[in-house]
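Next come the chains, spelled out residue by residue.
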Amino acid sequence: MDFNVVRQGVCVNELIYEGSLEQAVDSDITLPDYCPDIQRILKCLIVPQVTGTQASGGRITVDGAVLIRLIYVCEQGRIHCFEQTHPFSRFVEVQNMPDEACAQVQAKTEYVNCRAVSQRRIDVHASVTLMIKAVAPRSEELIDQAEGCGVQIRRSCAPVSSVQCCVQRGFTVSEVMELGRSQPPIAQIITSCASVRVQDIKVIPNKILLKGELEVRTLYCSDEGDSRAEKITNCIPISQILEADGIGEDCRSDVRLEVACLEVTPKSDAEGELRLLDITARICASVCAYVDAQAPMVTDAYSTAYELSAERKIIRLARLTDTFSDTALCRGALEIPGSGVSSVMDLWCGGITVSVSVRDGQLVVSGTVTVCMLLIDSGGDIQYLERQTDYEYLRRLENGDVPVNCDPVVRAGAMDYVLSGESKVDVRIELTVTASIFEMVEKKVVTQISMMEDQPKKTAASALTIYYCDAGESVWDIAVRYNTTVQAIMGENQLADETVPEKCMLLIPSA
């Protein structure tokens, strides 16, 4: 008798690489002639920018640049900024990496050491960590059916989110924005930072129509001869069509946007004044699309005719239960030591730590926000300070008792502050929390069935066997013990369920 096994594949995302690379930054910078001498260094900022990531040919390549931003005060007490960019390209070898691999890179500044050698020369040593995570779709082949040679299988199904596509796409947003008439012309840009958020997603076959907004915050100094600085916020709409082979209208999509690179350059208007901002941002979009499915599986098997061997393993199945991009408000009272605060020139976010836990049936996303501040103390001097404040975001889970997997991204948006005293600044930061929540289920399944046709089983001596069972016993376990079938026992005893409801006598027919 022929023995056949039918399999069905479920597409899952498999982690194929997770690691980090260190990128050293060693630079000897001499200020150009148009920059005034350094009287005091406020801060040397190291801003890593990942401009491109490619996973192919058994290698993950990361291209980018490290922006060195030197913020200092000249002898006249005015704030200035000098920037220098150092490009880099790093790669890591990954064995047996499939062509469909998708790599994500997060860059983080580990340390910065800046020393003024003279009034026009500085020595910078820093280190940047590139955290790389690569996944690829993989088909998990599970046994769906088996027939022939008296084989009996115990089947079950579990809900699963099957991966339809996982891609990364980059695009550029450019816009020239004009200053308001109440604001003075630009002498020099001090800092600029940006955040991006998704506002609407529409899926059509093999494409995603994406709408969002890029918010750019710029601090600049004017030519009015004092130490004050001007702030301007520009919002640029985003509308993009992204190619995503395999995605369809029945998919649930996880779309994340990140500003990989930002350039803000002052330009002259028709009257010759620097009243225009030329903004160019490189944005990276990560798209993962899932479709809900039922994963068939065989959890046990035996044969009434022959001995068989069954290989088993534990598989982890993920079901997408929630995809969200929500806002959370972070508040903090920051103590400022020293002679007190006269005014705050600017605030921006220097970094966010993220940790995930589950508490009382809720997902808890928490961590710290590093707040960078340029301020003027009571003596009129410009100071730079960094302080940390905590945040926490809660979201109710669909099933609080089931283990979940979640890898959220937290980005800072609008920031506001109030001077609540000479040595205290109350800050309010709007955080955007973007995440997908997956319920994780572990199942022990049969992955291989081998029929031993040279080892037939002995036939039963009697056509019926009387068995006294206890309430709650499994008909499957009884059938295995007496080498018969579940259908035969249930039909002979008119059972409606595979679990015996009460203590009783059963007639066990021979197979």
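Located above this text is the structure these notes cover.
Keep in mind that this is a model prediction, so the values were computed, not measured.

> When you look at the sheet that holds strand E10 (residues 229-243) in this model, what are you seeing that I'm missing?
Two modes of strand pairing occur in sheets, parallel and antiparallel, and in both the strands are linked by backbone hydrogen bonds. Overall, antiparallel pairing links the three strands, which are arranged E8-E9-E10 in an open sheet. Bordering the open sheet on either side are strand E8 (188-204) and E10, each of which pairs with just one other strand. For this sheet the average axis-to-axis angle between neighbouring strands, irrespective of direction, equals 15 degrees. Pairing of E8 with strand E9 (residues 207-221), which is carried by 15 bridges, proceeds in the antiparallel orientation. The residue bridging Val 196 from the neighbouring strand is Leu 214, located in E9.

> For this particular structure, what's the right way to read helix H2 (residues 486-493)?
Because an α-helix packs 3.6 residues into every turn, residues spaced three or four apart end up facing the same way. Where H2 is concerned, the buried positions are Val 486, Ile 489, Met 490 and Asn 493. Looking straight down H2, one finds its buried side chains confined to an arc of 95 degrees; they lie on one side. Facing away from the buried side of H2 by more than 90 degrees, the exposed set consists of Gln 487 and Gly 491. Buried residues along H2 sit in contact with strand E12 (274-303), helix H1 (475-482) and strand E22 (504-509). Positive phi shows up at Gln 494, right after H2, with a value of about 50 degrees.

> Explain the sheet that holds strand E2 (residues 40-56) to me, please; I cannot follow it from the model alone.
Pairing within the open sheet is antiparallel, and its three strands lie in the order E2-E3-E4. Every other strand in the sheet has two partners, leaving E2 and strand E4 (79-93) as the edge strands with one partner each. Averaged over all pairs of adjacent strands, the angle between their axes in this sheet comes to 15 degrees, without regard to strand direction. In the sheet, E2 pairs with strand E3 (residues 59-73) via 15 bridges, with the strands oriented antiparallel. When the bridges of E3 are listed, Cys 44 appears paired with Leu 70.

> It is not clear to me how the packing of aromatic side chains should be interpreted in this structure. Could you clarify?
Throughout the structure, instances matching the rule amount to five aromatic pairs. Ring centres of Trp 348 and Tyr 384 lie 6.1 Å apart, and the angle between their planes is 40 degrees; on these two criteria the pair is classed as tilted. Note that Trp 348 is positioned in strand E14 (residues 341-352) and Tyr 384 in strand E17 (residues 382-396), a separation of 36 residues in sequence. Residue class for Tyr 384 comes out buried when judged on its relative accessible area of 12%. Between the aromatic rings of Tyr 467 and Tyr 482, the centroid separation amounts to 5.6 Å while the plane-to-plane angle is 65 degrees, which identifies the pairing as edge-to-face.

> Explain the side chain of Arg 256 to me, please; I cannot follow it from the model alone.
Relative to the helices and strands, Arg 256 is located in strand E11 (residues 252-268). With a relative accessible area of 18%, Arg 256 lands in the buried category. Within the structure, Arg 256 has its side chain in polar contact with the side chain of Asp 254 (distance 3.3 Å). At 2.8 Å, the side chain of Arg 256 and the backbone oxygen of Asp 407 are in polar contact. Beyond its immediate stretch of four places on either side in the chain, Arg 256 contacts Cys 284, Ala 285, Ser 286, Asp 407, Pro 408, Val 409, Thr 434, Ala 435 and Ser 436.

> Is there a simple way to explain the state of the cysteines in this structure?
In protein chemistry, a disulfide is the covalent bond that joins the sulfur atoms of two cysteines. Counted according to the given criterion, the structure contains zero disulfides. Cys 102 forms no disulfide, and the closest cysteine sulfur to it belongs to Cys 166, at a distance of 4.2 Å. With no disulfide partner, Cys 251 has as its closest neighbouring cysteine sulfur the one in Cys 165, 6.7 Å distant.

> Can you walk me through the pattern of salt bridges in this structure?
A pair can form between side chains of opposite charge whenever their charged atoms are brought close. Summed over all chains, the structure comprises 25 salt bridges. Measuring nitrogen to oxygen at the nearest pair gives 2.7 Å for the salt bridge that ties Glu 83 to Arg 69. Of this pair, Glu 83 sits in strand E4 while Arg 69 is found in strand E3, placing the two residues 14 residues apart along the sequence. In this structure Glu 83 comes out as partly exposed when scored by relative accessible area, which is 37%. With a closest N to O distance of 3.6 Å, Arg 316 and Glu 442 form a salt bridge. Taken together, the residues span a long stretch of sequence, with Arg 316 in strand E13 (residues 306-335) and Glu 442 in strand E20 (residues 424-456) at a distance of 126 residues.

> What exactly am I supposed to notice about unusual backbone geometry here?
Backbone geometry follows two general trends: most residues other than glycine have a negative phi, and most peptide bonds adopt the trans configuration. The backbone of Asn 206 sits at a positive phi, close to 70 degrees, despite the residue not being glycine. Tracing the chain through its elements places Asn 206 in the loop between E8 and E9. Classification of Asn 206 by relative accessible area gives partly exposed; the value is 34%.

The rules we used
Residues numbered from 1 in each chain as written. Predicted model: local features only at pLDDT ≥ 70, side-chain atom pairs only at ≥ 80, totals over all residues. Heavy atoms only, no water. Pairing = 2+ DSSP bridges. Helix = DSSP H or I, 4+ residues; strand = E, 2+ residues; numbered from the N terminus. Axes fitted to C-alpha atoms, helices over the stretch in contact; angles between N-to-C directions. Buried < 20%, exposed > 50% of the residue type's maximum accessible area, 1.4 Å probe, protein only. Arc of directions from axis to C-beta. Contact = heavy atoms within 4.5 Å. Phe/Tyr/Trp six-rings, centres within 6.5 Å; stacked < 30°, edge-to-face > 60°. Polar contact = N/O pair within 3.5 Å; in protein donor to acceptor, adjacent residues only side chain to side chain. Disulfide = S-S within 2.5 Å. Salt bridge = Lys/Arg side-chain N within 4 Å of Asp/Glu carboxyl O.

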